[in-house]
Amino acid sequence: MNQYIKYCLIGTLAIATSCSKNFSDPSGPSSDQAYSTPAAIADVVVGLQAYYVKDRTGLLYNSVTAGSILTGETFVTNTGNVDEAQLQTGGVAVLNTNSVINQLWNTSNKIIYESNRVLATTPKVITDAGFASGVIAYASLYKAWAIGTQAAFFEQVPDTSGFPGPNTPPVTFISGQAGYRKAVGVLDNAINTITATPIGSNFTPYVPAGVNILNSLYALKARYALCAGDYDVALAAADKASLTVKSTLNFNDQVNNPIFFLVAATSNIYQATDSTMGLPVGFRPENADQRLPFYLLRNPTSSLKWGIKGFWTSTTAQIPVYLPGEMTLIKAECYARKGDVLNGLIELNKVVTKQPSGDIYGVGAGLPAIAGVASPAALLDSIYKHRRIELYLAGQELEDSRRFGRPASERKRTYFPYPLVERNDNANTPADPAQ
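Reading the values: rules and limits
- Residues numbered from 1 in each chain as written.
- Predicted model: local features only at pLDDT ≥ 70, side-chain atom pairs only at ≥ 80, totals over all residues.
- Heavy atoms only, no water.
- Helix = DSSP H or I, 4+ residues; strand = E, 2+ residues; numbered from the N terminus.
- Rg over C-alpha atoms; globule rule 2.2 N^0.38 Å.
- Buried < 20%, exposed > 50% of the residue type's maximum accessible area, 1.4 Å probe, protein only.
- Contact = heavy atoms within 4.5 Å.
- Areas by Shrake-Rupley, 256 points an atom, 1.4 Å probe, with all protein chains shown as cover.
- Lys, Arg positive; Asp, Glu negative; His and termini not counted.
- Charge placed at Lys NZ, Arg CZ, Asp CG, Glu CD.
- Expected span 1.5 Å × (residues − 1).
- Core = buried A, V, L, I, M, F, W, Y, C linked by side-chain atoms within 4.5 Å.
- Salt bridge = Lys/Arg side-chain N within 4 Å of Asp/Glu carboxyl O.
- Axes fitted to C-alpha atoms, helices over the stretch in contact; angles between N-to-C directions.
- Parallel < 35°, antiparallel > 145°, perpendicular 65-115°, else oblique.
- Left-handed = near helix turned anticlockwise from the far one by under 90°.
- Nonpolar A, V, L, I, M, F, W, Y, C, P; charged D, E, K, R; others polar.
- pLDDT = per-residue confidence, 0-100.
- Polar contact = N/O pair within 3.5 Å; in protein donor to acceptor, adjacent residues only side chain to side chain.
- Phe/Tyr/Trp six-rings, centres within 6.5 Å; stacked < 30°, edge-to-face > 60°.
- Lys NZ or Arg CZ within 6 Å of the ring centre and 35° of its normal.

Draft legend 1. Representation of the overall build of the protein within the structure. Looking only at helices and strands, one finds 17 helices and 8 strands in the protein. For 435 residues, the compact-globule estimate of 2.2 N^0.38 gives 22 Å, and the protein sits close to it at 21 Å. Judged by the C-alpha coordinates and their principal axes, the protein covers about 60 × 50 × 40 Å. Counting only residues that meet the buried cut, the protein has 58% of its 435 residues in that class. A separation threshold of at least 6 residues defines the contact pool for the protein, and within that pool the share at least 24 residues apart is 72%. Put simply, the protein shows about 16,100 Å² of open surface, and 53% of that area lies on carbon and sulfur atoms. Taking the average location of the 34 positive side-chain charges in the protein and that of its 33 negative ones, the two points are 2 Å from each other.

Structure follows, in structure tokens:
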């Protein structure tokens, strides 16, 4: 049986309520058993993807849901889904008991905790350097992804570097920007590890089909270095993430594409707002933009006029870890923020003029090149527009809205409040942001 499927089916450790808690499950294997052999550690590592993608508790569902509803890309179709409906109302209506908030927080903490444990145990248990290299790289990929996901939605994030024991004090917090830098450091360590010692062929069978580890490490490094404001680092990393090799989250009959299964297939939670993609006047897609029919389904005879397409068309539809267009837009933004309008516009126009047939996933605008951009500010406006269209439902909308200085009126909240369970258990929890 595929290791990823096996892990998803059997489960292991329960998600805890706060980042100061131990994660344990008396019905599962003991901690020593889970980390006692290379194969056992590899099983834990592979299971990190399950926590990211699986069902309504995974980071994938909750980051896409939160990002899209808060920025108006989607709207709640059934207000009986109280937690999603709170996000649509926004402001003080979003409670710190909200399940979307709690899952973003708890599942991120769970992935970080398990990754830290793997990274600490691997040198003690795994003697094969190539196998250890694969374990470190894969654990680091998901640790960084979890840190970056938390930083996208919370003003401050836990400053965890190890894993808690029974007498460990509650963790302290760092800014979201420091969290992004921490994620970059984790990715750098992984890249350096597999550069020094390539991933062994004996670890490769454990890697879920679809995931290209090295390209994913570079892509996430570019993403989070950009969010941290480290533009030279982001540029260099984006240059190294392949635009022609896929890296995807794959699904099967046991582990479904959660956005299709929970959202697109039923329209019972939320759906696409309309062809504006939630963008204000001046930033909306042109009618000729070929990304519109890629991402959206027009339903003229339905009460819901627009539906979600893109990477959410079946239970087994693959979801990219990153899009080639994201890497190009990162380069464009880095140049723009460094004052280099010429090179920034060159990179932006690669996305604007790209035909669907020229993209490995079929994402292409197919529009005429943009001309006459005279200032970094004007270029950044165009980059923001095309990020929001190119990366539709990518879970990055809220971070983009903040980073580009968009008016608060364009989003339902700027940051989430901290979960009540964290506040009750951890005296170091920061004050909730006003909005």
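Draft legend 2. Helix α4 (residues 59-70), seen in detail. Along its 12 residues, α4 runs 16 Å from first to last C-alpha, staying within 8% of the 16 Å computed at 1.5 Å per residue. Burial runs high along α4: 12 of the 12 residues are buried. Where α4 is concerned, the buried positions are Leu 59, Leu 60, Tyr 61, Asn 62, Ser 63, Val 64, Thr 65, Ala 66, Gly 67, Ser 68, Ile 69 and Leu 70. Just beyond α4, the residue with positive phi is Gly 72, at close to 80 degrees.

Draft legend 3. View of the nonpolar core. One finds Tyr 295, Trp 312 and Phe 416 to be the most contacted residues of the largest nonpolar core, which totals 129 residues. When residues in this core are grouped by element, the largest group, 15 residues, is from helix α7 (residues 129-153).

Draft legend 4. Focus on unusual backbone geometry. Its identity as a non-glycine residue notwithstanding, Asp 55 has a phi of 60 degrees, on the positive side. Residue placement: Asp 55 occurs in the loop between α3 (38-53) and α4. Using a relative accessible area of 42% as the deciding quantity, one classes Asp 55 as partly exposed. Here Leu 393, not a glycine, exhibits a phi torsion of approximately 60 degrees, which is positive. Position of Leu 393 among the secondary structure elements: in the loop between α15 (376-390) and α16 (397-403).

Draft legend 5. Region of interest: the pattern of salt bridges. Taken as a whole and judged by the stated rule, the model has 25 salt bridges. Put simply, Asp 188 and Lys 221 hold a salt bridge, and the shortest N to O gap is 2.5 Å. Of this pair, Asp 188 sits in helix α8 (residues 176-196) while Lys 221 sits in helix α9 (residues 213-228), and the two are 33 residues apart along the sequence. When its relative accessible area of 14% is taken as the criterion, Lys 221 is described as buried. The partner of Glu 390 in a salt bridge is Arg 291, with the nearest N and O atoms 2.8 Å apart. Of this pair, Glu 390 sits in helix α15 while Arg 291 sits in helix α12 (residues 291-295); the two residues are 99 residues apart in sequence, bridging distant segments of the chain.

Draft legend 6. Focus on the packing of α3 against α7. It is the contact of α3 with α7, at a shortest axis distance of 10 Å, that shows an interaxial angle of 25 degrees. With respect to α7, the element α3 is oriented roughly parallel. The way α3 lies across α7 gives a crossing that is left-handed. Two secondary-structure elements touch here, α3 through Pro 38, Ile 41, Ala 42, Val 45, Val 46, Leu 48, Gln 49 and Tyr 52 and α7 through Phe 131, Val 135, Tyr 138, Ala 139, Tyr 142, Trp 145 and Thr 149. Of the residues in the contact of α3 with α7, the class split is 13 nonpolar, 2 polar and no charged.

Draft legend 7. Structural detail: the confidence of the model for the protein. When pLDDT is averaged along the protein, the result is 92; 91% of the residues meet or exceed 70. Note on residues 1-17: pLDDT is under 50 here. Beyond four places in sequence and across chains, it has 48 contacts. In this model residues 20-30 is a low-confidence stretch, pLDDT under 50, and it forms 23 contacts with partners more than four residues away in sequence or in other chains.

Draft legend 8. A look at the side chain of Arg 411. Assignment of secondary structure puts Arg 411 in the loop between α16 and α17 (420-425). It turns out Arg 411 is buried and unbridged, and the closest side chain with the opposite charge, Glu 410, is 6.3 Å from it. Of the polar contacts made by the side chain of Arg 411, one reaches the backbone oxygen of Arg 406; its length is 3.0 Å.

Draft legend 9. Quick look at helix α10 (residues 231-240). For α10, the set of buried residues is Ala 234, Leu 235, Ala 237 and Ala 238. In this structure, the buried residues of α10 make contact with α9 and α13 (324-337).

Draft legend 10. Fine view of the environment of Thr 353. Positionally, Thr 353 belongs in the loop between α14 (341-352) and α15. Each C-alpha atom, one on Thr 353 and one on Thr 429, is 46 Å from the other, the two residues being 76 residues apart in sequence. Excluding residues within four positions of it along the chain, Thr 353 makes contact with Gly 366, Leu 367, Pro 368 and Ala 369.

Draft legend 11. Spotlight on the packing of aromatic side chains. Inspection of the entire model under this criterion finds 25 aromatic pairs. Over the ring of Phe 404 we find Arg 337; its NZ or CZ atom is 4.8 Å from the centre of that ring. Above the plane of the ring of Phe 283 lies Arg 406, whose end atom (NZ or CZ) is 4.3 Å from the centre.

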